[in-house]
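A structural walkthrough
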Amino acid sequence: MNHIVLFEPEIPQNTGNIMRTCVATGTKLHLIRPFGFALDDAHLKRSGVNYIDKIEYEIYDNWDDFKEKNEGIYYYFTRYGHKPHSSFDYRNQENKDLYFIFGKESTGIPKEILQQDLDHCLRIPMTSNVRALNVSNSVAIVIYEVLRQQDYKGLLQEEPDCYKGKDYLEK
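Residues numbered from 1 in each chain as written. Predicted model: local features only at pLDDT ≥ 70, side-chain atom pairs only at ≥ 80, totals over all residues. Heavy atoms only, no water.

Now for the nonpolar core. Counting 28 residues, the largest nonpolar core has Ile 4, Leu 29, Tyr 75, Phe 100 and Phe 102 as the members making the most contacts within it. Of all the secondary-structure elements, those providing two or more residues to this core are β1 (2-7), α1 (12-25), β2 (28-32), β4 (73-77), β6 (98-102) and α5 (135-149). The element contributing the most residues to this core is α5, with six residues. The next biggest cluster of nonpolar side chains, apart from the first, holds 14 residues, and it includes Val 5, Phe 7, Ile 109 and Cys 121. (Core = buried A, V, L, I, M, F, W, Y, C linked by side-chain atoms within 4.5 Å. Buried < 20%, exposed > 50% of the residue type's maximum accessible area, 1.4 Å probe, protein only. Helix = DSSP H or I, 4+ residues; strand = E, 2+ residues; numbered from the N terminus.)

One number sums up the size of the largest pocket: a volume of about 660 Å³. Along its surface, the largest pocket is lined by 30 residues, and Phe 77, Thr 78, Arg 79, Gly 108 and Ala 132 are the ones closest to its centre. Counting residues per element, the ones that place at least two in the lining of the largest pocket are α4 (111-114), β7 (121-123) and α5. It is β7 that contributes the most residues to the lining of the largest pocket, three residues altogether. (1 Å grid on protein atoms, 1.4 Å probe; cavity = no way out; pocket = protein on both sides within 12 Å on 5 of 7 lines; lining within 4 Å. Points joined across faces, edges and corners; volume = space filled by probe spheres on them.)

Helix-helix packing: each pair is described by the crossing angle between the helix axes and the interaxial distance. Running from N to C, α1 and α5 cross one another at 15 degrees; their axes reach a closest spacing of 9 Å. The orientation of α1 relative to α5 falls into the category roughly parallel. You can see that α1 and α5 cross each other, and the crossing is right-handed. For the pair formed by α1 and α5, the contact residues are Asn 14, Asn 17, Ile 18, Thr 21, Ala 24 and Thr 25 on the first element and Val 135, Ser 136, Val 139, Ala 140, Ile 143, Tyr 144 and Leu 147 on the second. (Axes fitted to C-alpha atoms, helices over the stretch in contact; angles between N-to-C directions. Parallel < 35°, antiparallel > 145°, perpendicular 65-115°, else oblique. Left-handed = near helix turned anticlockwise from the far one by under 90°. Contact = heavy atoms within 4.5 Å.)

Relative to the assigned elements, Asn 2 resides in strand β1. When its relative accessible area of 9% is taken as the criterion, Asn 2 is described as buried. At 2.8 Å, the side chain of Asn 2 and the side chain of Gln 150 are in polar contact. Those residues in contact with Asn 2, other than ones at most four positions away along the chain, are Thr 27, Lys 28, Leu 98, Phe 100, Ile 143, Val 146, Leu 147 and Gln 150. (Polar contact = N/O pair within 3.5 Å; in protein donor to acceptor, adjacent residues only side chain to side chain.)

Side chains of Glu 158, Glu 159, Asp 161, Asp 167 and Glu 170 sit close together on the surface and give a patch of like negative charge. Locating Glu 158 in the fold gives a position in the segment after α5. (Patch = residues over 30% accessible without salt bridge, like charges linked within 9 Å, V, L, I, M, F, W, Y side chains within 5 Å. Areas by Shrake-Rupley, 256 points an atom, 1.4 Å probe, with all protein chains shown as cover. Salt bridge = Lys/Arg side-chain N within 4 Å of Asp/Glu carboxyl O. Lys, Arg positive; Asp, Glu negative; His and termini not counted. Charge placed at Lys NZ, Arg CZ, Asp CG, Glu CD.)

We now examine the pattern of salt bridges. As enumerated under the stated definition, the model contains seven salt bridges in all. For Lys 69, the salt bridge identified is with Asp 65, shortest N-O distance 2.9 Å. Of the two residues, Lys 69 and Asp 65 both sit in helix α3 (residues 63-69), four residues apart, roughly one turn of that helix. Classification of Asp 65 by relative accessible area gives buried; the value is 14%. One salt bridge connects Arg 148 with Glu 145, and the closest N-O pair in it is separated by 2.9 Å. In this pair, Arg 148 and Glu 145 are both assigned in helix α5, three residues apart and thus about one turn of the helix distant. Accessibility expressed as a relative area gives 44% for Arg 148, which makes it partly exposed.

Here Tyr 57 is to be found in strand β3 (residues 57-60). According to the relative accessible area criterion, Tyr 57 is partly exposed, its value standing at 33%. Counting along the chain gives 18 residues from Tyr 57 to Leu 39, while the straight-line C-alpha distance between them is 12 Å. Setting aside anything within four residues of it in sequence, one finds Tyr 57 in contact with Leu 29, Leu 31, Leu 39 and Ile 52.

The structure is reproduced here in C-alpha cells:
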C-alpha cells in the first residue's frame, strides 16, 4: 500500500489539497504533530476538502510515534536529496508498505531524520530558479509517478457513470 506522510504540516490549504489527492489516488495519509492549524472540519472545509468523509488518515504525536507504528520502506523528499524521485522502482517492493514523507513547509524534514537514511533522500528535479516546489504539488508529482509505475492499480481509467460517464465526449 502507498502512504503519504506529512511531517508537521503548517498550511491548511496544502494539507487540504493533499487530502483530496489521497482520496483520488486511494492513498492513506499520515499526519505528524504539531500542526500549524487546527485540524477540524471547519478549517479543512475552508481549505477545499469536500471529501473528508472518504479519506483514510491517521494522526501521530511525533516522529517516534509514527515510526513505532509503521513498518515499510520510507522515502524522504528533500531539496538536498541526490536522487530523482523517479529513480526507484516502486512496482514490487516485496509487498511492503511504501511511505513517502514530506516535511513542513518552512523547514522540511529535520536533518537528523534524513541523515539516518541518505539512500532514500529524494529530490524532484527543477531549475535553480526556485528553492522548492509547493508541498501539495510535490505530493501529486510523486504519488502519480508511483502509481504510473504500478500501472494505476485500483484507479479508474475512464469517467464513471455517476458523473458524466465515459461517453461524455462522444455525445
